[in-house]
Amino acid sequence: MSEELHSDLRHAARRWFGKEIDALNEAESRVLRNAKHRSVLARRPFEQNGGSQTFGERLADQVATFGGSWTFIILFGVFLVLWTGANVWLLSQPFDPYPFIFLNLMLSMVAALQAPIIMMSQNRQALKDRENAALDYEVNLKAEIEIMALHDKLDAMREEHLAGLFAQQKEQIDLLTRLLAERGGDRKNDS
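Because the structure is a prediction, the values reported are computed rather than measured.

## A closer look at the nonpolar core
Turning to step 1, where the next piece is worked out: In terms of nonpolar packing, the biggest core is built from 14 residues, with Trp 16, Phe 17, Leu 24, Leu 32 and Ile 145 touching the most fellow members.
Turning to step 2, where the next piece is worked out: Among the elements that make up this core, the one with the highest residue count is helix H1 (residues 3-17) (5 residues).
Turning to step 3, where the next piece is worked out: With sequence-adjacent residues up to four places away left out, Leu 32 is seen in contact with Leu 9, Ala 12, Ala 13, Trp 16, Phe 17 and Leu 24.

Right, dumping it as structure tokens:
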């Protein structure tokens, strides 16, 4: 990194964050570099790790998606009605007579497997949410820096404009003073 750029970054860190550049965390440092280089900070979440998922992660997400849907609830309700109806009214020799002990065993096993899979998916979703929040923070921080930089530019333009107006005003006052002095000399000559 060039010394001039490093000096600019040091000044910007003090100006916008109130800290030395070495005291900035990784996100602040990244935002500062992107702001100084005028580069885009916003990106799609998960691009930094390629967005690749293992088979288990994809399966956990699909199980959680299906397990939390109306399709699952309706299909499972239909299955339970068919199971109990078949064992109570249709079959002369029910394979799982009332109180449906085999059905309870199967439901317990499904719940025992489904719960940790859904928890894995929720943990992954929480990780995604944290990454999204971190990305939002960086984008918002850069927006604040850009707004402060715009304020600085506007202030500098206003000061430059006012300095120009004051210089113009001084020239006009000097001109008026000279004209009054000349006019005053002309009056003395007329008398």
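## So, the side chain of Asp 96
Turning to step 1, where the next piece is worked out: Looking at the element boundaries, Asp 96 is found in the loop between helix H4 (70-90) and helix H5 (101-190).
Turning to step 2, where the next piece is worked out: It turns out Asp 96 is buried and unbridged, and the closest side chain with the opposite charge, Arg 124, is 34 Å from it.
Turning to step 3, where the next piece is worked out: Dropping the residues within four chain positions of it, Asp 96 is found in contact with Trp 83, Asn 87, Ile 101, Phe 102 and Leu 103.

## A closer look at the packing of aromatic side chains
Turning to step 1, where the next piece is worked out: Enumeration according to the criterion identifies 7 aromatic pairs in this entry.
Turning to step 2, where the next piece is worked out: Plain terms: the ring middles of Trp 83 and Phe 95 are 5.0 Å apart, the flat faces sit at 85° to each other, and that makes the pair edge-to-face. Taken as a pair, Trp 83 in helix H4 and Phe 95 in the loop between H4 and H5 lie far apart in primary sequence, 12 residues in all.
Turning to step 3, where the next piece is worked out: Phe 95 gets classed as exposed once you look at its relative accessible area, which sits at 52%.
Turning to step 4, where the next piece is worked out: Measuring from ring centre to ring centre gives 5.7 Å for Tyr 98 and Phe 100, while their planes differ by 85°; the resulting arrangement is edge-to-face.
Turning to step 5, where the next piece is worked out: For Tyr 98, a relative accessible area of 68% puts it in the exposed group.
Turning to step 6, where the next piece is worked out: Through a chain of ring-to-ring contacts, three or more aromatic side chains come together here, namely Phe 66, Phe 72, Phe 76, Phe 79, Trp 83, Phe 95 and Phe 102.

## Some remarks on unusual backbone geometry
Turning to step 1, where the next piece is worked out: Following Tyr 98, the chain continues to Pro 99 via a peptide bond in cis, the omega torsion being 20°.
Turning to step 2, where the next piece is worked out: In the Ramachandran plot, Phe 100 falls in the positive-phi region, its phi being about 60° despite a non-glycine side chain.
Turning to step 3, where the next piece is worked out: Within the secondary structure, Phe 100 is located in the loop between H4 and H5.

## Details of the pattern of salt bridges
Turning to step 1, where the next piece is worked out: A full pass over the atoms with the stated rule returns 9 salt bridges.
Turning to step 2, where the next piece is worked out: Among the salt bridges present, the one from Asp 152 reaches Arg 15, with a minimum N-O distance of 2.6 Å. Taken as a pair, Asp 152 in helix H5 and Arg 15 in helix H1 lie far apart in primary sequence, 137 residues in all.
Turning to step 3, where the next piece is worked out: The exposure class of Asp 152 is partly exposed, given its relative accessible area of 28%.
Turning to step 4, where the next piece is worked out: With a relative accessible area of 41%, Arg 15 lands in the partly exposed category.
Turning to step 5, where the next piece is worked out: Across the pair Asp 174 and Lys 170 runs a salt bridge, and its minimum N-O distance is 3.4 Å.

## Re helix H2 (residues 26-37)
Turning to step 1, where the next piece is worked out: The end-to-end C-alpha distance of H2, which contains 12 residues, comes to 17 Å, matching closely the 16 Å that a straight helix rising 1.5 Å per residue would cover.
Turning to step 2, where the next piece is worked out: Among all positions of H2, only Ala 27, Glu 28, Ser 29, Val 31, Leu 32, Asn 34 and Ala 35 are buried.

## Structural notes on the side chain of Asp 61
Turning to step 1, where the next piece is worked out: Considering the arrangement of structural elements, one finds Asp 61 in helix H3 (residues 55-67).
Turning to step 2, where the next piece is worked out: Here Arg 124 takes part through its side chain, which lies 2.9 Å from a polar atom of the side chain of Asp 61.
Turning to step 3, where the next piece is worked out: Residues in contact with Asp 61, not counting those within four places in the same chain, are Gln 53, Ser 121, Arg 124 and Lys 128.

Here is what the cut-offs are and how they apply
- Residues numbered from 1 in each chain as written.
- Predicted model: local features only at pLDDT ≥ 70, side-chain atom pairs only at ≥ 80, totals over all residues.
- Heavy atoms only, no water.
- Core = buried A, V, L, I, M, F, W, Y, C linked by side-chain atoms within 4.5 Å.
- Buried < 20%, exposed > 50% of the residue type's maximum accessible area, 1.4 Å probe, protein only.
- Helix = DSSP H or I, 4+ residues; strand = E, 2+ residues; numbered from the N terminus.
- Contact = heavy atoms within 4.5 Å.
- Lys, Arg positive; Asp, Glu negative; His and termini not counted.
- Salt bridge = Lys/Arg side-chain N within 4 Å of Asp/Glu carboxyl O.
- Phe/Tyr/Trp six-rings, centres within 6.5 Å; stacked < 30°, edge-to-face > 60°.
- Expected span 1.5 Å × (residues − 1).
- Polar contact = N/O pair within 3.5 Å; in protein donor to acceptor, adjacent residues only side chain to side chain.

Coordinates in, geometry out; function isn't part of it.
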